[in-house]
Amino acid sequence: MMPDFHQEGQAETTQWQPEQKAPVILLENVSKTYGKIHALSGVTLALSGGVTGILGLNGAGKSTLFKILMGKIKPSAGQVRLFGTNPWKNPAPYARVGFVPEGEKMHDWMTAHDFISTFARLNGLTRDAAKTEADRVLDFVGLLDVAHKQIGRFSKGMRQRTKIAHALVCDPELIILDEPLQGCDPLARTTIMNVIRELGRMGRTVIVSSHILTEIERITEQIVILHHGRLLALGNLHAIREKMDNIPHRIDIGCQSPKELAKSVIDIASVHGISFQDPEKLTVQTRNLGDFHSHLPKIIIDGGHKVDSIDNPDDDLASILGYLTGGGGM
Amino acid sequence: MADKTNTIFRALDRKASAITEFTMRQYRTKISTWVVLITGLVIISLLMMFYIDAMQRDFESVDNDGDSIDSDGDSYPDGQERLYGTNPFSELSNPGFFQPPIPPDDPSVWVDEDDFDWNESPTGTRSVSVGYDDDGDCRTEDRTSSQKDTNDNGIECDIELSLSLTGEFMYDADNLVDEDPDDEAYAKEALHRASILGIGKLGFVFIISIFIPLFMATGLIRDEMNSGTMHYMLTKPIARTEVFFYRVIGYLGIVWPYLIILTLISAVVTGFAGPGDSLFRFAEFGIWLAILFAAMMATLVYGMLFCFLGVMWRYGIVLAIPFAAWELGMALLSMGVPDAPILRFSVIGWALIIVDSASLIVWPDMALLIYSGLSVEGTDALGFESEELIGSEPLQYFYANPGLGNISPFLSMIIATVVLLIQAIALLFVGGAIFKGKEIE
Amino acid sequence: MNEQIDSPEQNPPEDLSFSEHAPVTGQGRMDAAWGSKDGDEFTTAQITNNTASVGYVFEQIYKPWNGPLNPRWMRNWAILRHHVLGIFRKGHRPWSLPTKLFIVIVFIASLGDVGLTLLSALIGSPALHTMWGVNRDNLYGHVLGFFPRNMLYYPILAALLVGGIISEDRYHGTSALYFSRPISRFDYVMMKYISVAIIQAFVVLLTLMIYYFVEILAMGRGWAWIIDTFPLFLAAFGGGIILIITYTSIGLGLSSVSKGKFFPGIGLVAIVLGTKTLAVLVSNLFERDVMYLLSPYDCLAHVGQALVGTQPTYDQYSWTWSLASLVLMNAFFLYILSSRVASMEVTRE
């Protein structure tokens, strides 16, 4: 299981053989410090397959994590393995990795097609093969019709998609996207999210970072939460939420007579708090969501209340992040 | 033949051509590249214009031995009187009293009456006999053999040249041999050579070869590291040393053809406009090739160095600029003291050895030419004072012996080339290693 | 394994297979991600205990500001102060460490003649004093001598100072911070210009003053000497001012047209040293001095020679030509600077 931690080699894809049994990504106790600032401290993580969202506020260490994974920076402590190989010492695994860096800087003077085909040649493709490959990936992200325009004239969404296309060259098994949705308009977001979902469906390992929470929810339910350089949580979104048993769930019930409803609801054992924030809305706090939901329909029907909506506003990433970081989910 | 080495080589080759091509296209889109290259072209054209102007100029002929003067006022110049054996200081003694009377010459005939016809250099301690008495005032029949051979070397009307143990020229001429060389011919030849050396050494090997790398190579990798676009290249399966090397190759792909074009222009201009009977001075292509080669080697080493400094430190320019000033000092020093040991600690000192060695090969009579121009200065046997010939001083300033001591010019050229190549390779490895250890934000 | 890393206080979960310092250990195999299944049937997760203590809502009360807006010169003074004080202290414009280091080195190196004057006074050596003490040639040489001052010190100092002074603001987008205040672009550039000039004056003119006063003190000079030499000192001082203005104009002009940090610095050094080399080459080869008119250094030297009254080394034309050329150079680069600043778009490039 443990990969060879001392594997070194040249950047020659034909000589390099990936460690088949190793996870795609393996970080063991990885830390990165800049002077007194801890960008990452003691992160341990292993991932293979599927779409994973890396969540965190600004400065949580998401980009640092990616740069360490891509061998751009050297971890201060700990072991990093990409397909079982140390990426700082050996660039060979990049043949199977696509990386979308953050930031807007690109080679504005090139056309999208030039940009992708030129860099595809660094994967060892011939000139013609690189051109064909550029057509293929640009078609995948839907930019084939503007492939021969300069990147400098592209909108932000198009630039992001160009970067994603660049990362998809040679069909990598692992795709890392650093804030791919940042600064894009809703249409571009939807397009990019569709692209990412499609990649996940095709069985690639995709890692997406974001602090835009709702979009990550729409892409994946497998998340890793980073905060102040530490790994806070990892796993399925709902499972994480349910594990936080001691934290009350909040349920908003929109109805015409919240006070009437409250009288009935208070009898449920798992309910421990009720508040009225709106003339037509009742907010219930519970420690056991399942129990509450099993009682609620009966109460509504028995009491003959007119209920417009039942909302579970806490069950999203914002509140989880809030709870985990001690903010109370407000 | 699809064996393993072949495919590896071809894969590397693809990467190399991709990055090289990318770098060249990137330069092409930067305005600063064009500004810098055009400025270089303007500088060289300016120098060429000054050169053409100098070649078209009429140089005033100077009477270096004073024999065009009519000392006694009988309208016969002293030289003509001396030729016919009459007394130049007596009005009553002149060729006009001969039967038939000889008409007086125009004084201008006695200016530049001797050509410059030294064609051999002494080597070692062997002395050589050079010179031809063009105007015949030494060979005239009424002079005795001892009068014709005042330097006592057994050859009448010649100049005996030898080298002293310290390498200085020793010059011993028979009276009235080559006493008044052709100033214009000398000045043009000397200025022509001095121009090629000066423009080649200071213009090409210093100004062009140091400022173009400063502008173009310092940011070759650092700019992309700062802007973050280096990520695109480094997420590919390619070693960073390779990136460093191919980027420098791409830079050379712009700079070397540019140098070739500039040198070709200069060679054609000096070839056609230079003095001489032939239409084109083919012989001097050798020196231009050496200048081109030296400039190419210098741009290679400087390019590697400045790129490395840029990679090493965000403020690499702080090291690069004082280094450029240091190289200017070394360039000026090498003109005067070509064998100073401190020059071995510079790049330009080695590059100039290539030019100096080539000038020794192309113009073996160079030291002699300088000497003959300078030796005119002084007071001659008849008490006439004269200045050194025009062109000899610049030639002396810009010409220098290859600074590696008494070895053959070919050998010193090879040594200098090898040293420069070693510098370049060392910088490549150091730069690659530093780049490998850099964290890229 | 790594002492410098804060070990988290949390108690790790029991099913741990990695290092005990890690707050959360994760080994997940997420073969089917979003899309093929809805995720609910695969519900494993690991979380930390809730110990982090950040994120609280604080009450914000907006207090309106109603102080007086200070006049224009006050804002300009703030910009100037911000730039000049950055050399000495933290909290102002961050000049790079090498630039600061170079200023210190050049300042000390420029005091070389002061040290030798002191030494000659101490050991009473008239020969040493003739070489290094205050006289016409040495006052000229302190400001305008080519080697090493105008080859290794002053142009490079100016190059390092102007290197990023405008272009870096544009690159980082900090110029927008200035222009979101009631500050005109010309005030902004003027203050940058003056602050660069002041830092150069600190090196060039301050050392000249020290040199002159050390001579008075060390050699015990009386009024007669001072009256004799003070005009020379003033002339050298004037030459220094012209030098600073010229280098700053060229440097800032270049800085305003370029995006990078390298170009203006290299450009200034290339202009000063390149034209000088070119002029020497032409003068030596073809006996033409006209190229000196293109060289900022030589024009400065020629004007300085006329001001101080030393032996002129440029004898083919009058010094007024050099002065005119200097005025033209300054006008050209100031024109570039002002036109670029007037049309400058305040964006992050």
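Everything numeric in this text was worked out from a predicted model, so none of it was measured. Position numbers for residues count from 1 along each chain, tracking the sequence in the order it is written. Whichever chain is written first is A, and whichever ligand is written first is 1; the rest continue in order. Whole-chain, interface and lining totals are the exception, using all residues; otherwise, since this is a predicted model, local features are given only for residues with pLDDT of at least 70 and side-chain atom pairs are given and counted only at 80 or more.

Trainee: Sorry if this is basic, but what is going on with the overall build of chain C here?
Mentor: Secondary structure elements are taken from DSSP: a helix is a run of H or I of four residues or more, a strand is a run of E of two residues or more, and numbering for both begins at the N terminus. The helix and strand tally for chain C stands at 13 helices and two strands. Remark: C-beta atoms are placed from the backbone, and a residue is labelled buried if 20 or more other C-beta atoms sit within 10 Å of its own, exposed if 12 or fewer do, or partly exposed between those counts. A total of 349 residues make up chain C; the buried ones form 41% of that total. For chain C, long-range pairs separated by at least 24 residues make up 72% of all intrachain contacts whose partners lie at least 6 apart in sequence. By definition, residues are in contact whenever their C-beta atoms, placed on the basis of the backbone, come within 7 Å of each other.

Trainee: Which parts of the structure should I look at to understand the interface of chain C and chain B?
Mentor: Note: interface size is frequently given as the accessible area lost on complex formation between the parts. Residue-level contacts link 27 residues of chain C with 28 residues of chain B. Every element with two or more residues in the side of chain C that touches chain B is listed here: helix H2 (97-110), helix H6 (146-162) and helix H11 (262-286) of chain C. Looking at the side of chain C that touches chain B, the element that brings in the most residues is H11(C), giving 15 residues. Three classes are used, and their members are as follows: Ala, Val, Leu, Ile, Met, Phe, Trp, Tyr, Cys and Pro are nonpolar, Asp, Glu, Lys and Arg are charged, and the others, Gly among them, are polar. Among the residues making up the side of chain C that touches chain B, the classes are represented as 18 nonpolar, eight polar and one charged.

Trainee: Would you take a moment to explain the sheet that holds strand E11 (residues 271-278) of chain A for this structure?
Mentor: Pairing between sheet strands relies on hydrogen bonds along the backbone, with the strands arranged either parallel or antiparallel. Residues and elements named next belong to chain A. Spatial ordering of the open sheet is given by E11-E12-E10-E13, a layout of four strands whose pairing is antiparallel. The strands lining the two open edges of the sheet, one partner per strand, are E11 and strand E13 (307-311). Along the sheet, successive strands turn relative to each other by an average axial angle of 20 degrees, direction set aside. Summarising the sheet, strand E10 (residues 249-255) and strand E12 (residues 281-286) pair through six bridges and their orientation is antiparallel. Each residue of the ladder has a partner; that of Arg 250, found in E12, is Gln 285. The sheet strands contacting helix H8 (residues 258-265) are E10, E11 and E12, and the helix crosses E12 at an angle near 20 degrees. The rule for pairing is simple: two strands pair if DSSP sees at least two bridges between them. A fitted line through C-alpha atoms serves as each axis, taken over the contacting stretch for helices, and the angle formed by two N-to-C directions is quoted from 0 to 180°.

Trainee: Looking at this structure, I do not really get unusual backbone geometry. What am I missing?
Mentor: With omega at 0 degrees, the peptide bond leading from C:Phe147 into C:Pro148 counts as cis. The residue C:Pro148 is located in helix H6 in this model. Backbone geometry places A:Asn29, a non-glycine residue, at a positive phi of 55 degrees. Locating A:Asn29 in the fold gives a position in strand E1 (residues 25-34). The exposure class assigned to A:Asn29 is buried, which follows from the 21 C-beta atoms found within 10 Å. One non-glycine residue, B:Ser75, lies in the positive phi region at around 70 degrees. Within the element layout of this structure, B:Ser75 appears in the loop between helix H2 (31-56) and helix H3 (78-83). The exposure class of B:Ser75 is partly exposed, given the 14 C-beta atoms found within 10 Å.

Trainee: I would appreciate a short explanation of the confidence of the model for chain C in the present structure.
Mentor: Regions with low pLDDT carry predicted coordinates that are not meant to be interpreted in detail. All names here are of chain C. Note: pLDDT gives the predictor's confidence per residue, expressed from 0 to 100. On average, residues of chain C score 81 in pLDDT, and 82% of them are at 70 or above. Scored below 50 in pLDDT, residues 1-42 makes 98 contacts in the model with residues more than four places away or belonging to other chains. Every residue in residues 50-55 is under pLDDT 50, and counting partners more than four places away or in other chains gives 15 contacts.

Trainee: What's the story with the domain arrangement of chain A in this structure? I'm lost.
Mentor: An automatic or database domain assignment is the source of the domain bounds shown. When its domains are assigned, chain A resolves into domain 1 (25-241) and domain 2 (247-324). If you average the C-alpha positions of domain 1 of chain A and of domain 2 of chain A, the two centres end up 39 Å apart.

Trainee: Would you explain the packing of helix H5 (residues 136-144) of chain C against helix H10 (residues 223-257) of chain C in this entry?
Mentor: Helix packing for two helices is described by the angle between their axes and how far apart those axes are. All names here are of chain C. Interhelical geometry of H5 versus H10 gives an angle of 15 degrees and a closest axis separation of 9 Å. One finds that H5 runs roughly parallel with respect to H10. In terms of crossing hand, the pair formed by H5 and H10 is right-handed. Here H5 contributes Arg 136, Leu 139, Tyr 140, His 142, Val 143 and Leu 144 to the contact with H10, which in turn contributes Leu 232, Phe 233, Ala 236, Gly 239, Gly 240 and Leu 243. By the definition adopted for this analysis, an angle is roughly parallel if under 35 degrees, roughly antiparallel if over 145, roughly perpendicular if from 65 to 115, and oblique otherwise. Note: crossing handedness is left-handed where the near helix turns anticlockwise from the far helix by less than a right angle, and right-handed where it turns clockwise.

Trainee: Help me understand the packing of helix H9 (residues 285-312) of chain B against helix H14 (residues 409-436) of chain B in this model?
Mentor: All names here are of chain B. Where H9 contacts H14, the axes come no closer than 9 Å and their chain directions differ by 20 degrees. Judged by the angle between their axes, H9 and H14 are roughly parallel. When the axes of H9 and H14 are compared, the crossing they make is left-handed. Here Met 297, Leu 300, Val 301, Met 304, Leu 305, Cys 307, Phe 308, Val 311 and Met 312 of H9 come into contact with H14, specifically with Thr 417, Leu 420, Gln 423, Ala 424, Leu 427, Leu 428, Val 430, Gly 431, Ile 434 and Phe 435. Partitioned by chemical class, the residues of the contact of H9 with H14 number 16 nonpolar, three polar and no charged.

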